[in-house]
Amino acid sequence: MKAVMKQAVRNYLKNPVFWIAFLIIMIGVYQDVSPYLKLHWFTSDQEIRKMQVDDIPMNDLDVMQGYLPATGEQQKAAALQTIGQTLLEEFDMTDEEVQALLEKFQDMEIGEIQEYLEGIGYYGSLYTFEDNRYIQGTAREVNQYMEERFRQHPYSWYLANKFADFGGLYLGFGASILLALLFYQDTRKNTWELLHTKPVTAWQYVLGKAMGGLLVMLLILAALTIFFAGLCLAVGLGENLPVNLLDFPAAAVKYILPNLIMIVSVYAVVALAFRKPLPGAPILFLYLLYSNMGVKGPDGIYDYYGRPLAIMVRFPGNFLETAAPSVTGFNQIFLLVCSGLVLAAAALLWKYRGRFSYGRGTKEKRRRRAD
């Protein structure tokens, strides 16, 4: 098994595709995580007011730009102001009519307001409320909010979650491409039959290949973890933010490792079932899309709540509100159990399909000699 694993790792390290993928993953994760490296304590209200936020979508405004979660009353007031302006400009209503309607909305829930507006032809008001979930605060308010959040978890915990979010995303798609090479050579006809003549059991072969592919992806994960933990430490020391570097390896092991194990397992069983590894790529892309799909919640807002057997963990919410979906802990354990079952199926496929292929090849050779 060790020989199979070492050979798989050597093949990857000699392949330029691996290093290109590594650079793409590193750059992609950095681009998505870098905004959270700009977190700092604000010194004045003017510093917040001068920040350029016009080119940032409302849903992406965060504490780094001085924006805080709005209370229900603040969100409603800001949304109704926008709705009132739209009613004036696009629905030919007078000021008196708009003001009377807004006063009526004060005693209604958001869902009721949405229903009423749709009745008069105003659609999409729910997104107006969603866009006003955050408001710009003063320096004192923002700093106080940060202090409250850091009493619960250090800065590194929040950053590690965002790292696991985007790192898991890029590594998932990267593994779906890179691991197509894992069984590529072995599933060729001549190599397939030759390997079945070697004194290697089905479990030794399948586990050796799976461990080799997993180790390759873990090399990338380890490099990413060390790099972003170092950036976190630099920001924490420079901005006097609380840091615990163990948050990064903990997030990598909990939120990314089980996903990679499942991806390797799926590739193994698909490659040995079809005797070709390439069908695994579209299957895993569909699997990743399923894992990344959000749904409408009870409030009618489209968000990510996690899915059974998902191979991707997303962290919805702004930076200092980030939290994994409630199903994540159970799902990650369930992934490990299912990965073991999938690898067992791959070992059976290797054993019985190989025996059939090898036996058929032997019979054909005997028939040719008889002729």
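Residues numbered from 1 in each chain as written. Predicted model: local features only at pLDDT ≥ 70, side-chain atom pairs only at ≥ 80, totals over all residues. Heavy atoms only, no water.

Asks: Talk me through the overall build of the protein chain; I want residue IDs and the actual numbers.
Replies: What the protein chain contains, in helices and strands, is 15 helices and 4 strands. Within the protein chain, buried positions represent 46% of all 371 residues. Residue pairs at least 24 apart in sequence account for 75% of intrachain contacts in the protein chain once pairs closer than 6 positions are excluded. When the accessible surface of the protein chain is summed, it comes to about 19600 Å², and 59% of that surface belongs to carbon and sulfur atoms. (Helix = DSSP H or I, 4+ residues; strand = E, 2+ residues; numbered from the N terminus. Buried < 20%, exposed > 50% of the residue type's maximum accessible area, 1.4 Å probe, protein only. Contact = heavy atoms within 4.5 Å. Areas by Shrake-Rupley, 256 points an atom, 1.4 Å probe, with all protein chains shown as cover.)

Asks: Explain the packing of aromatic side chains to me, using residue names and the numbers behind them.
Replies: Throughout the structure, instances matching the rule amount to 16 aromatic pairs. Ring geometry for F163 against F228: centres 5.5 Å apart, planes inclined by 40°, an arrangement best described as tilted. Of this pair, F163 sits in helix 9 (residues 155-178) while F228 sits in helix 11 (residues 202-239), placing them 65 residues apart in sequence. Taken together through their ring pairs, the aromatic side chains of Y36, W41, F150, Y155, W157, Y158 and F319 make up a single cluster. (Phe/Tyr/Trp six-rings, centres within 6.5 Å; stacked < 30°, edge-to-face > 60°.)

Asks: How would you summarise the confidence of the model for the protein chain if you had to cite specific residues and measurements?
Replies: Across the protein chain, the average pLDDT comes to 83, with 85% of residues at 70 or higher. Considering each helix and strand of the protein chain separately, the mean pLDDT is smallest for helix 10 (residues 189-195), with a value of 52, and largest for helix 12 (residues 247-255), with 95. Counting interchain partners and residues more than four positions distant, the pLDDT-below-50 stretch residues 358-371 has 3 contacts. (pLDDT = per-residue confidence, 0-100.)

Asks: So what's going on with empty space enclosed by the protein? Residues and values would help.
Replies: Throughout the structure, instances matching the rule amount to 2 cavities of 30 Å³ or more. Considered as a void within the structure, the largest cavity measures approximately 50 Å³ in volume. Classifying every residue of the lining of the largest cavity by side-chain character gives 6 nonpolar, 3 polar and 1 charged. Volume-wise, the second largest cavity comes out at about 30 Å³. Along its surface, the second largest cavity is lined by G168, L171, G172, I256, N259, L260, I263 and I311. Put simply, the parts of the chain that give the lining of the second largest cavity at least two residues each are helix 9 and helix 13 (257-274). (1 Å grid on protein atoms, 1.4 Å probe; cavity = no way out; pocket = protein on both sides within 12 Å on 5 of 7 lines; lining within 4 Å. Points joined across faces, edges and corners; volume = space filled by probe spheres on them. Nonpolar A, V, L, I, M, F, W, Y, C, P; charged D, E, K, R; others polar.)

Asks: Can you lay out unusual backbone geometry for me, pointing to particular residues and giving the numbers?
Replies: Of note in the backbone geometry, N240 takes a positive phi value of approximately 60° without being a glycine. By the secondary structure assignment, N240 is in the loop between helix 11 and helix 12. Since its relative accessible area comes to 63%, N240 is described here as exposed. Non-glycine residue L309 carries a positive phi angle of around 60°. Inspection of the secondary structure assignment puts L309 in the loop between strand 4 (302-303) and helix 15 (328-370).

Asks: So what's going on with the UniProt feature "transmembrane region" (unreviewed entry) in the protein chain? Which residues, and what values?
Replies: When the UniProt feature table is mapped onto this chain, "transmembrane region" (unreviewed entry) is found at residues 12-30, 166-184, 214-236, 256-274, 281-298 and 329-350. The span residues 214-236 is 100% helical and 0% strand by assignment, and the distance between its end C-alpha atoms comes to 32 Å. Across residues 329-350, helical content stands at 100% and strand content at 0%; the span's end C-alpha atoms are separated by 32 Å. (UniProt positions renumbered as here; feature names shortened; annotations may be inferred.)

Asks: Outline the side chain of D247, listing residues and values.
Replies: The topology assignment puts D247 in helix 12. Buried charge D247 goes without a salt bridge, the closest partner of opposite sign being K254 at 10 Å. Side-chain polar atoms of D247 contact the backbone nitrogen of W157, separated by 3.3 Å. With residues near it in sequence (within four places) discarded, D247 still touches P154, S156, W157 and A160. (Lys, Arg positive; Asp, Glu negative; His and termini not counted. Salt bridge = Lys/Arg side-chain N within 4 Å of Asp/Glu carboxyl O. Polar contact = N/O pair within 3.5 Å; in protein donor to acceptor, adjacent residues only side chain to side chain.)

Asks: Give me the nonpolar core: which residues, what numbers.
Replies: Formed by 84 residues in total, the largest nonpolar core has its most connected members in L39, Y155, L159, L171, L179, I220 and F319. Listed in part, the 14 residues of the second largest apolar core include I83, M93, L102 and I113. (Core = buried A, V, L, I, M, F, W, Y, C linked by side-chain atoms within 4.5 Å.)

Asks: Quick one: what's the story with the pattern of salt bridges, residue by residue and with numbers?
Replies: All told, the structure shown has 1 salt bridge when counted by the stated rule. For D165, the salt bridge is made with R314, and the minimal N-O distance between the two is 2.3 Å. Taken together, the residues D165 in helix 9 and R314 in the loop between strand 4 and helix 15 connect sequence positions 149 residues apart. Taking relative accessible area as the criterion, D165 reaches 3% and is therefore assigned buried. Residue R314 is classed as buried on the basis of its relative accessible area, which comes to 15%.

Asks: So what's going on with the packing of helix 9 against helix 13? Residues and values would help.
Replies: Where helix 9 meets helix 13, the axes come as close as 10 Å, and the angle between the chain directions of the two elements is 20°. One finds that helix 9 runs roughly parallel with respect to helix 13. Helix 13 is crossed by helix 9, and the crossing has right-handed handedness. Packed against helix 9, whose contacting residues are L171, G172, A175 and S176, the element helix 13 presents L260, I263 and Y267 at the interface. Residue composition of the contact of helix 9 with helix 13, grouped by class: 5 nonpolar, 2 polar and no charged. (Axes fitted to C-alpha atoms, helices over the stretch in contact; angles between N-to-C directions. Parallel < 35°, antiparallel > 145°, perpendicular 65-115°, else oblique. Left-handed = near helix turned anticlockwise from the far one by under 90°.)

Asks: Provide a residue-level description of the packing of helix 9 against helix 12, including the pertinent values.
Replies: Between helix 9 and helix 12, the least distance of the axes is 9 Å, while the angle of their chain directions is 35°. Our pair here, helix 9 against helix 12, has a crossing hand that is right-handed. Between helix 9, through S156, W157, L159, A160, N161, F163 and A164, and helix 12, the contact on the second element is made entirely by D247, F248, A251 and Y255. Of the residues in the contact of helix 9 with helix 12, the class split is 8 nonpolar, 2 polar and 1 charged.

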